[in-house]
Each structure stands twice: as C-alpha cells, then as structure tokens.
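Here is what each chain is made of, one letter per residue.
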Amino acid sequence: MTLLVTGGAGFIGSNFVLDWLADPAAEPIVNLDALTYAGNRQNLAALARDARHVFVHGDITDRALLDRLLAEHRPRAVLHFAAESHVDRSIHGPGAFIRTNVEGTSTLLEAARAHWSGLDGNARAAFRFHHVSTDEVYGSLSPDAPAFTETHPYEPNSPYSASKAASDHLVRAWHHTYGLPVLTTNCSNNYGPYHFPEKLIPLMIVNALAGKPLPLYGDGLQVRDWLYVGDHCSAIRTVLARGRPGEVYNVGGWNEKTNREIVHTVCALLDELRPDPAGPHARLITHVKDRPGHDRRYAIDARKIERELGWRPAETFDTGIRKTVQWYLDHADWVAGVQSGSYRDWVATNYAAR
Ligand code: NAD
Ligand code: DAU
C-alpha cells in the first residue's frame, strides 16, 4: 500500500510527509513535486535514507508521468497538495495559478480516474482522492458574520482563490459524474516549520531578525483564522481514514486574529527569545499600501469535522506560535537557503511599489 502525494516538498506537504513517515509502521509515500521556488528538498532531508520515501521531480500537468507513477506504485490514495499558493504572486502573475491549480488538478483527476477504474473489488472501494483546499474560496466575511460552513457560497476574490475554487469544482464534478471517491478539505491559514518567508508569519520573523521593516498591508486589521500546520496534517489523516467520499470538511483553528495582533505577538516573542539591543522589534512595523482586493476576514466553522470525525486542533495559538518562532531561531541555515536570488527578486517586485 502506497500513497501518492503531490507538492510534498512545499510547506504543508513536507510537514505531512514527515509526520506520516514518523510512524515506523506507516505506508510508503511517492512524493511528486515540480520543485518550484516553493518546493525545497531540504525540508525532506531527514528522509534521505528512508526507503519508504520515493521523491519524483515532476509536474502534475504531465499526464504520461502521472500514468506511469500510478501504474508502477498502485497507490491506495492520492493526496493533492501541489499548488501555486501565494495570493500576492497570483496578483502579479495569474497564469501559473491557472496552469497548476486548474489544469494540473484536472490532469491529476483524469489520471486518478483511469487508475481507479482499473482497480477491482476492495482496492476500488478503498481508493481515495484527497484534495487539499483553502477557506479563501468562500470569499470575505463582514466583522459579525458567522464563520464559513461547508455550504457557504463560493465567492473567490483573488486569482489564487478563483483557481482553487475552480479546482474544488472539478473535484466535486469528478465525484458526481464519474463516482471518483474524492474528499475535500478547506483549511484556514497555516503556520509552522518550513513556511516559506513570503507569507505573513515567516516573513515577519525573518525580517525582524534582520532588522528590516515589517510591512503590514493597509490598516493591518484584516482577520485570519490560524491553524498550526501539524494540526492540519492530523485533520488530513483523519479525513483520509474516516471521511465520507464526496464530502467537504472545513478545517480551522478557532483562532481569529488581526494581522496587527499576529505581528505584535511575533515581535514580543522575539523580544523574549532573541532581544535586539537596538530596541523592541515592534519598532520595525511599517504600514504599507494594501493588497488589491484584500479579503477582510476569514473564519472557519470546524464543527462538522469535529462532530462527524472527532477531530480538533491540539495546539493553541500561544503554543503553536512559540514553537514556530523557536523553529526559525533554530534553523537559520534553512532560512538562508531559501533566501536565494529568486526570493530577493520577489521581495523587490512585491514591496518596491508599496
Ligand atoms: P507551497 O507553495 O508551500 O507548496 C506547494 C508545493 O507544490 C511546492 O513544493 C511546489 O514545488 C509544488 N508544485 C507547484 N506547482 C506544481 C506542479 N505543477 N506540479 C507539481 N508540484 C508543484 O504551498 P502550501 O502552503 O504547502 O499549500 C499546500 C496546499 O494547501 C495548497 O493546495 C494550498 O492551496 C493549500 N492550503 C494552504 C494553506 C496555507 O495556509 N498555506 C491553507 C489552506 C490550504
Ligand atoms: O486562508 C488560507 C490561505 O492562507 C491559503 O490558502 C494560502 O495559500 C495562504 O498563502 C494564506 O493566504 P493569505 O493571503 O491569508 O496569507 P498571507 O500570509 O499572504 O497573508 C496573511 C495576511 O497578512 C493577509 O491579510 C495579508 C497580510 N500580509 C501579508 C504579507 C505577505 C501583510 O500585511 N503583509 C505582508 O507582507
């Protein structure tokens, strides 16, 4: 029995692969990743001598490669993490988002359907296609609106969320039309180890450590619901094991915070763990031009996954953010490794005009 994971060299995918294989009895993983700027084999260095981890450098839009991998490894499930994932990058260049998130997902669905159709008996009944998606497909909430449930209308506002919404619709259609046993999870903002420092929390940590400005978009009062990445991985394991095919499960941390609160929390932790002789890290906070079409608030109602499958997050925000800041302090080499030429180009592109 094997799992085919896509995007397992990225932030959440690599956390999932490491968590999964931490169990000596776990099934092997074939990890297909195109190693875009966001994919990093260093995240998987601990598995270098683990024969249960087979890394394949390739693209989910490559149908011939997908067919070959599925025929060779005969996975009992596909876990689909691969995506272009950064909203700001989608504003600067939506094309890559359409290609990977829409065309890539449809290619993967077709390959998985062909594989599943060829299975028989128990193998066919047990097969799952798990699509890892986002709460951003539901759009933006007003301050007092109830949190997103699984039946909230789709109202994506960025090229990223529109491309993820399209992929969710494809996954749904492949279930309704062809009977492919799909599972979809729509999760809120993750944070934790191996988070690429283009996203809010790791960007603030690495900039603060370097004494650089901490760029808060607009008034900094946008709200996100934060979930520690290990809890997202445990939710995916739970849904894969016990979720009902065709169902959607929202996953969240019951942790709504403004961006301003997040950045002040990061600064306070750094003041405690790595004080800066020049003064409190919060002195570096700088308000910059807002993100176009910026969603004001996301909040996840995670009662369905708790009620039906018994999942709840294990970390509080206090425990998760402390672990995360400490991880970045302990992994300066990893941070230096990802701050390559292409990272510097991105920082120049995104922040120069703000
Ligand atoms: P990430 O950007 O860190 O990693 C994406 C990975 O996919 C990278 O390793 C990249 O190399 C790979 N990839 C990109 N295009 C590919 C292609 N065409 N073929 C094969 N591999 C390709 O993303 P992440 O933050 O780990 O997100 C993983 C998934 O979870 C995404 O589908 C995202 O939409 C979803 N999600 C993310 C969050 C979050 O807070 N980060 C929250 C909810 C859902
Ligand atoms: O909600 C789930 C989504 O969370 C995932 O689907 C996405 O893949 C993931 O990137 C994340 O999207 P966000 O846009 O919410 O994350 P980001 O870290 O880019 O931004 C979080 C908030 O912080 C958002 O309101 C924008 C703000 N921000 C971000 C950056 C990078 C700033 O104020 N300054 C910044 O420099």
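Residues numbered from 1 in each chain as written. Chains lettered and ligands numbered in written order. Predicted model: local features only at pLDDT ≥ 70, side-chain atom pairs only at ≥ 80, totals over all residues. Heavy atoms only, no water.

Asker: Even after reading the chapter, I still don't get the site of ligand 2, so can you show me in this structure?
Answerer: Near ligand 2 lie 25 residues; those nearest to it are Thr134, Asp135, Tyr160, Arg291 and Tyr351. Contact between ligand 2 and Arg224: an oxygen atom at 2.8 Å from a side-chain N or O atom of the residue. Between ligand 2 and the protein, one listed contact pairs an oxygen atom with a side-chain N or O atom of Asn259 at 2.9 Å. Starting from 690 Å² of accessible surface for ligand 2 in isolation, the protein chains cover 94%. Counting only elements with at least two residues in the shell around ligand 2, the list comes to α3 (87-92), α7 (200-209) and β8 (214-217). At three residues, β8 tops the list of elements feeding residues into the shell around ligand 2. (Near = heavy atom within 4 Å. Polar contact = N/O pair within 3.5 Å; in protein donor to acceptor, adjacent residues only side chain to side chain. Areas by Shrake-Rupley, 256 points an atom, 1.4 Å probe, with all protein chains shown as cover. Helix = DSSP H or I, 4+ residues; strand = E, 2+ residues; numbered from the N terminus.)

Asker: Teacher, can you tell me more about the layout of surface pockets here?
Answerer: If you roll a probe as big as a water molecule over the atoms, it shows you where there is empty space left. In this structure, the largest pocket spans a volume of roughly 390 Å³. What lines the largest pocket is a set of 21 residues, and nearest its centre among them are Val206, Asn207, Lys212, Gln339 and Tyr343. Of all the secondary structure elements, the ones that give two or more residues to the lining of the largest pocket are α7, β12 (285-288), α11 (317-330), α12 (332-338) and α13 (341-351). The element that contributes the greatest number of residues to the lining of the largest pocket is α7, accounting for five residues. Here the lining of the largest pocket is built from residues that sort into 15 nonpolar, three polar and three charged. Each pocket or cavity is described by its volume, and for the second largest pocket that value is around 310 Å³. Along the walls of the second largest pocket sit 17 residues, with Glu150, Tyr154, Arg172, Gly246 and Val248 positioned nearest its centre. When residues of the lining of the second largest pocket are traced back to their parent elements, those giving at least two are α6 (159-178) and β6 (182-187). Here the lining of the second largest pocket takes six residues from α6, the largest share from any one element. (1 Å grid on protein atoms, 1.4 Å probe; cavity = no way out; pocket = protein on both sides within 12 Å on 5 of 7 lines; lining within 4 Å. Points joined across faces, edges and corners; volume = space filled by probe spheres on them. Nonpolar A, V, L, I, M, F, W, Y, C, P; charged D, E, K, R; others polar.)

Asker: Which parts of the structure should I look at to understand the sheet that holds strand β10 (residues 248-251)?
Answerer: For sheets, the rule is that strands pair by backbone hydrogen bonds, running either parallel or antiparallel. Spatially, β3-β2-β1-β4-β5-β6-β10 is the arrangement adopted by the seven strands of the open sheet, whose pairing is parallel. The sheet is open, and its two edges are formed by β3 (53-57) and β10, each paired on a single side. Averaged over neighbouring strand pairs, the angle between their axes works out to 20° when direction is ignored. As defined by bridge partners, strand β1 (residues 3-6) adjoins strand β2 (residues 29-33) across four bridges and the pair is classed as parallel. Paired with Leu4 across the strands is Val30, a residue of β2. Lying over the sheet, α6 contacts β5 (128-134) and β6, oriented at roughly 155° with respect to β5. (Pairing = 2+ DSSP bridges. Axes fitted to C-alpha atoms, helices over the stretch in contact; angles between N-to-C directions. Contact = heavy atoms within 4.5 Å.)

Asker: Would you explain the environment of Leu66 in this entry?
Answerer: Positionally, Leu66 belongs in helix α2 (residues 63-73). Owing to a relative accessible area of 0%, Leu66 belongs among the buried residues under this scheme. Leu66 sits 88 residues away from Tyr154 along the chain, and the two C-alpha atoms are 30 Å apart. Excluding its chain neighbours within four sequence positions, the residues that come into contact with Leu66 are Leu32, Ile60, Thr107, Leu108 and Ala111. (Buried < 20%, exposed > 50% of the residue type's maximum accessible area, 1.4 Å probe, protein only.)

Asker: When you look at the nonpolar core in this model, what are you seeing that I'm missing?
Answerer: One recurring pattern in soluble globular proteins is that nonpolar side chains are buried together. The biggest cluster of nonpolar side chains holds 57 residues, and the ones touching the most others in it are Phe16, Trp20, Leu79, Phe81, Leu214 and Ile321. At seven residues, the largest contribution of residues to this core is made by helix α1 (residues 11-21). In terms of nonpolar packing, the next biggest core, distinct from the first, is built from 23 residues, Leu65, Phe127, Trp174 and Leu180 among them. (Core = buried A, V, L, I, M, F, W, Y, C linked by side-chain atoms within 4.5 Å.)

Asker: Just checking my understanding: could you explain the sheet that holds strand β11 (residues 256-258) for this structure?
Answerer: Strand order in the open sheet formed by three strands is β7-β9-β11, and the pairing between neighbours is mixed. Two strands in the sheet have a free side with no partner beyond their single neighbour: β7 (189-191) and β11. Across the sheet, the mean angle separating the axes of adjacent strands is 50° when strand polarity is ignored. Lying over the sheet, helix α9 (residues 259-273) contacts β9 (223-228) and β11, oriented at roughly 85° with respect to β11.

Asker: Sorry, what's going on with the side chain of His131 here?
Answerer: Topologically, His131 is positioned in strand β5. Since its relative accessible area comes to 0%, His131 is described here as buried. Within polar-contact distance, the side chain of His131 engages the side chain of Ser167 at 3.1 Å. Setting aside chain neighbours within four positions, we find His131 in contact with His80, Thr105, Lys164, Ser167, Asp168, Val171, Leu183, Thr184 and Thr185.

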